[in-house]
Amino acid sequence: MEAAILILTLLFVAFVVLGVYVGVRTVRAAKRGVDRTIVQARRSVEDTALRAKSYGQPGVAGELAQLRLALRTSMRATQDALNAGVAEDASLRESLGLFERLSVHGRELDEDLKRLEREPDRATVATLLPGLKERTERITHSAESLRWAARDRARRFADDDLAALNAQIDVEAGALRHWTTDGPAADGDGRGPRQSGPARQAPGGAERDRSGPAGTDVPQALTRPDPGAAGGRYPWQKSARPETTN
């Protein structure tokens, strides 16, 4: 009896601990989701404000807003491209590491530009604009180089894969058409001379000859593929119509 009570107590404690663990993980995941949503919302608000300043405010304030907007847009696009590509191409990890180092300089520049937006001495800020523009162009140029290199690499791999696939399809298409000519020389796919089709068993027990009128070989009927055999569907696939009976 005491052993049964002890086992039940241990099971209860284990279930409580498991429930607390699952609850903590759920709360943390929800908190991370809320944090990401807040960060994205803050970025959207800041980008909208920068666009409004770049188009609506002339002079130094508008130029500072344009520099910040160009910097943030280029860095974000490069980060998205590298994060999307590294999942399929592990060699992009080194590029992603270089981008992280570049992001440090980008954040420092963005902070400098943000402080200068609040600087009341516009004359002094105007003298700093050429250097700020040069820093922005250097950072955005490096980011764009990484981004376009990653895209060119992905497109090259896709082109090579498509070329290999086209070659395989051409070979398969030629093999599928092997019945169109007669004689052993017609089979150039390495399958050897083609034999005449065997006689089929008729329903009454007699064999039915598959030879044509002039003794030529009649090809076997091609087997239609089952549309439902494929595991997935593509946008260009149409749903098979259900058969209706009267």
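None of these values were measured; they are calculated from a predicted model. (Residues numbered from 1 in each chain as written. Predicted model: local features only at pLDDT ≥ 70, side-chain atom pairs only at ≥ 80, totals over all residues. Heavy atoms only, no water.)

Chemist: When you look at the overall build of the protein in this model, what are you seeing that I'm missing?
Modeler: From N to C terminus, the protein includes four helices and two strands. Split into buried and exposed, the 246 residues of the protein put 19% on the buried side. Across the protein, the fraction of contacts at a sequence separation of at least 24, relative to all contacts at a separation of at least 6, is 55%. In the form shown here, the protein has an accessible surface area of approximately 19,000 Å², with 58% of it arising from carbon and sulfur atoms. (Helix = DSSP H or I, 4+ residues; strand = E, 2+ residues; numbered from the N terminus. Buried < 20%, exposed > 50% of the residue type's maximum accessible area, 1.4 Å probe, protein only. Contact = heavy atoms within 4.5 Å. Areas by Shrake-Rupley, 256 points an atom, 1.4 Å probe, with all protein chains shown as cover.)

Chemist: Explain a nonpolar patch on the surface to me, please; I cannot follow it from the model alone.
Modeler: Nonpolar side chains collect at one region of the surface, where Ile7, Leu8, Leu11, Phe15, Leu18, Tyr21 and Val22 lie side by side and expose about 740 Å² of accessible area between them. Among the secondary structure elements, Ile7 is positioned in helix α1 (residues 2-56). (Patch = residues over 30% accessible without salt bridge, like charges linked within 9 Å, V, L, I, M, F, W, Y side chains within 5 Å. Salt bridge = Lys/Arg side-chain N within 4 Å of Asp/Glu carboxyl O.)

Chemist: Explanation requested: the side chain of Ser95 in the structure shown.
Modeler: Note on placement: Ser95 falls in helix α3 (residues 92-117). Overall, Ser95 belongs to the buried group, its relative accessible area being 18%. Every residue in contact with Ser95, bar those within four places of it in the chain, is listed here: Leu82 and Leu146.

Chemist: I would appreciate a short explanation of the nonpolar core in the present structure.
Modeler: The nonpolar side chains of a soluble globular protein tend to be buried, and buried together. Counting 21 residues, the largest nonpolar core has Leu64, Met75, Leu109, Leu113, Leu129, Leu132 and Ile139 as its most contacted members. If we ignore the near neighbours within four places in the chain, the residues touching Leu132 are Leu64, Leu67, Leu109, Leu113 and Leu116. (Core = buried A, V, L, I, M, F, W, Y, C linked by side-chain atoms within 4.5 Å.)

Chemist: Teacher, can you tell me more about the packing of α3 against helix α4 (residues 122-176) here?
Modeler: Packed helices, taken two at a time, are described by the angle their axes make and the gap between the axes. Orientation of α3 relative to α4, taken along the N-to-C sense of each, is 160 degrees, at an axis distance of 10 Å. Compared by their axis directions, α3 and α4 come out roughly antiparallel. When the axes of α3 and α4 are compared, the crossing they make is left-handed. Residue-level contacts link Leu92, Ser95, Phe99, Leu102, His105, Gly106, Glu108, Leu109, Asp112, Leu113, Leu116 and Glu117 of α3 to Arg122, Val125, Leu128, Leu132, Arg135, Thr136, Ile139, Ser142, Ala143, Leu146, Ala150 and Arg153 of α4. Its residues assigned to classes, the contact of α3 with α4 shows 13 nonpolar, five polar and six charged. (Axes fitted to C-alpha atoms, helices over the stretch in contact; angles between N-to-C directions. Parallel < 35°, antiparallel > 145°, perpendicular 65-115°, else oblique. Left-handed = near helix turned anticlockwise from the far one by under 90°. Nonpolar A, V, L, I, M, F, W, Y, C, P; charged D, E, K, R; others polar.)

Chemist: Can you help me understand α4 in this one?
Modeler: In an α-helix, one turn spans 3.6 residues; hence positions three or four apart end up facing the same way. Across its 55 residues, α4 extends 76 Å between first and last C-alpha, which sits within 8% of the 81 Å expected from 1.5 Å per residue. The largest bend along α4 measures about 40 degrees and falls at Leu128, with the proline Pro130 one to four residues further on. Residues of α4 that are buried: Val125, Leu129, Leu132, Thr136, Ile139, Thr140, Ala143, Leu146, Arg147, Ala150 and Ala175. Tucked inside the fold, the buried residues of α4 contact α2 (60-86) and α3. (Expected span 1.5 Å × (residues − 1). Bend = angle between axes of the 7 residues up to and from the residue.)

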